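Letter by letter, the chains look like this.
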Amino acid sequence: MAHRLIEFLVSNLAIHGKVFLMLTRWVRNSKLMAVSLCIALLGPVAQASAESSTKEVLLVGTWLGEFAPQPGMPLQRFLTTRRSDGTFTLVARLYEPGKPPSELVNSGLWGVSNGLYFTVTTEVNGARTNTRSAETVNPYLVRELQGDSFVYQHVLSGNVFRVNRVSPDTRLP
């Protein structure tokens, strides 16, 4: 699974061996320090192989989460389906009082290695993205991954996400 994402990154970003060095190409100013520190602390990424890691196998499936960036901000619910071929689909809804929910559907590539979970969004609501843009790549620190619970933290924003495994036929309300 990781090999597909690595091949994509290498072919599109001219990366030679260390996947997370891609982050330094996209961040500027103070963000560069955060990513560089993350890379230094986590060490080099092992070369990709055709075999999936234990964490990749655990993350395959459908996961449900909720997120409110700050008190008083609209609630976001999201349903992420990660497939064993290294692709994902994320359906997110924003719930604002007095308004119908707005929905966003992202799809792309995902992987996990050396304590980092990462996504590259290749489509938003069916439209192709510029995969060389910083907005399409999201690195996260894996905080906890046990059974049906996954906690991860966005490297740049610090936002923490808690999700639980759900049935594949689960839909957002």
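Here the structure is shown first, and the text comes after it.
Since this is a predicted model, take the numbers as computed values, not measurements. (Residues numbered from 1 in each chain as written. Predicted model: local features only at pLDDT ≥ 70, side-chain atom pairs only at ≥ 80, totals over all residues. Heavy atoms only, no water.)

Peer 1: Now, about the overall build of the protein: what can you tell me, with residues and values included?
Peer 2: Along the backbone of the protein there are 4 helices and 9 strands. Tracing the protein from N to C terminus, the helices and strands come up as α-α-α-α-β-β-β-β-β-β-β-β-β. For the protein, with 173 residues in total, the buried portion stands at 40%. Expressed as a percentage of contacts within the protein between residues at least 6 apart in sequence, the contacts between residues at least 24 apart total 43%. Roughly 9500 Å² of accessible area belongs to the protein as shown, and the carbon and sulfur atoms make up 54% of that amount. (Helix = DSSP H or I, 4+ residues; strand = E, 2+ residues; numbered from the N terminus. Buried < 20%, exposed > 50% of the residue type's maximum accessible area, 1.4 Å probe, protein only. Contact = heavy atoms within 4.5 Å. Areas by Shrake-Rupley, 256 points an atom, 1.4 Å probe, with all protein chains shown as cover.)

Peer 1: Before we move on, can you summarise the environment of Gln76 with the specific residues and values?
Peer 2: Checked against the element boundaries, Gln76 lands in strand 2 (residues 75–82). Residue Gln76 is classed as partly exposed on the basis of its relative accessible area, which comes to 28%. Through-space distance from the C-alpha of Gln76 to that of Glu96 is 9.0 Å; in sequence the pair is 20 residues apart. Residue contacts for Gln76: discarding those within four places in its chain leaves Gly65, Glu66, Phe67, Pro69, Arg93 and Leu94.

Peer 1: I'd love a proper account of the packing of aromatic side chains, names of residues and values included.
Peer 2: Inspection of every chain in the model, using the stated rule, returns 11 aromatic pairs. Each ring, one from Tyr117 and one from Phe150, has its centre 5.5 Å from the other, and the planes form 80 degrees; the classification is edge-to-face. Residue Tyr117 is located in strand 5 (residues 116–124), and its partner Phe150 is located in strand 8 (residues 149–154); the two are separated by 33 residues in the primary sequence. You can call Tyr117 buried: its relative accessible area is 2%. Judged by centre distance (5.3 Å) and plane angle (75 degrees), the rings of Tyr117 and Tyr152 are edge-to-face. Taken together, the positions of Tyr117 in strand 5 and Tyr152 in strand 8 put the pair 35 residues apart, joining distant regions of the chain. Site record: aromatic cluster; members linked through ring pairs are Trp63, Phe67, Phe78, Trp110, Tyr117, Tyr140, Phe150, Tyr152 and Phe161. The aromatic ring of Tyr95 is capped on one face by Arg77, whose charged end is 4.9 Å from the ring centroid. (Phe/Tyr/Trp six-rings, centres within 6.5 Å; stacked < 30°, edge-to-face > 60°. Lys NZ or Arg CZ within 6 Å of the ring centre and 35° of its normal.)

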